[in-house]
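What follows is each chain in one-letter form.
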Amino acid sequence: MCIEIDSSNINSFNFFNHHGALKIESGIATFPLGFLNKDNENDMFKFNATHVSVNKDTSGIMLFIKGDDTLSVPMDFWPGKIERCHMLYCDDYIEK
């Protein structure tokens, strides 16, 4: 998932191993959503979210927001079957 960052306490971050994956660069956060099932309502809500809040106030929670609806899930950046090169996908969205 590619998310434009409103605020962060760091400008650049790149972490990838079998436990987790997160990249922050030029105001864009890239992280895996895990396996998405198009028949699962929560998975599709994550996919279609317009805003995401991650670990606000060190809560350990990710809030996926669309309109007036919010889905709250524990923070998890498990990479599943993605590879490090997949973390470059969001670079196409960075204004140069």
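Residues numbered from 1 in each chain as written. Predicted model: local features only at pLDDT ≥ 70, side-chain atom pairs only at ≥ 80, totals over all residues. Heavy atoms only, no water.

### Some thoughts on the sheet that holds strand β6 (residues 61-66)
Part 1: What the three strands build is an open sheet, ordered β5-β6-β7; its pairing is antiparallel. Edge positions in the sheet fall to β5 (51-54) and β7 (69-74), since each has one partner strand and no second. Along the sheet, successive strands turn relative to each other by an average axial angle of 15°, direction set aside.
Part 2: Note that β5 and β6 share four bridges and pair antiparallel. Looking across to β6, one finds that V52 is bridged to F64.
Part 3: Contacts between helix α1 (residues 41-48) and the sheet are confined to β6 and β7, with β7 contributing the most and set at about 105° to the helix. (Pairing = 2+ DSSP bridges. Helix = DSSP H or I, 4+ residues; strand = E, 2+ residues; numbered from the N terminus. Axes fitted to C-alpha atoms, helices over the stretch in contact; angles between N-to-C directions. Contact = heavy atoms within 4.5 Å.)

### What about the nonpolar core?
As a rule of thumb, nonpolar side chains are buried together in soluble globular proteins.
Part 1: Residues F31, V52, M62 and F64 are the most contacted members of the largest nonpolar core, which totals 14 residues.
Part 2: At the level of elements, β3 (21-25), β6 and β7 are the ones that each hand at least two residues to this core. (Core = buried A, V, L, I, M, F, W, Y, C linked by side-chain atoms within 4.5 Å. Buried < 20%, exposed > 50% of the residue type's maximum accessible area, 1.4 Å probe, protein only.)

### Observations regarding a nonpolar patch on the surface
Part 1: A contiguous nonpolar patch, built from I10, F13 and F15 and spanning about 230 Å² of accessible area, is present on the exposed surface.
Part 2: Counting through the fold element by element, F15 comes out in strand β2 (residues 13-16). (Patch = residues over 30% accessible without salt bridge, like charges linked within 9 Å, V, L, I, M, F, W, Y side chains within 5 Å. Areas by Shrake-Rupley, 256 points an atom, 1.4 Å probe, with all protein chains shown as cover. Salt bridge = Lys/Arg side-chain N within 4 Å of Asp/Glu carboxyl O.)

### Here we look at the environment of S7
Part 1: Position of S7 relative to the elements: it lies in the loop between β1 (2-4) and β2.
Part 2: The exposure class of S7 is exposed, given its relative accessible area of 64%.

### Points about the environment of M87
Part 1: Summarising the element assignment, M87 is placed in the segment after β7.
Part 2: Distance from M87 to N48, taken between C-alpha atoms, is 19 Å for residues 39 residues apart in sequence.
Part 3: When neighbours within four sequence positions are excluded, M87 is seen to be in contact with F16, A21, L22, K23, T30, F31 and I82.

### What about the pairing of β7?
Part 1: Inspection of the sheet shows β6 paired to β7 by six bridges, in the antiparallel sense. Its bridge partner lying in β7, F64 is registered against L71.
Part 2: The hairpin turn running from β6 into β7, its antiparallel successor, is two residues long, and G67 in that turn takes a positive phi close to 60°.

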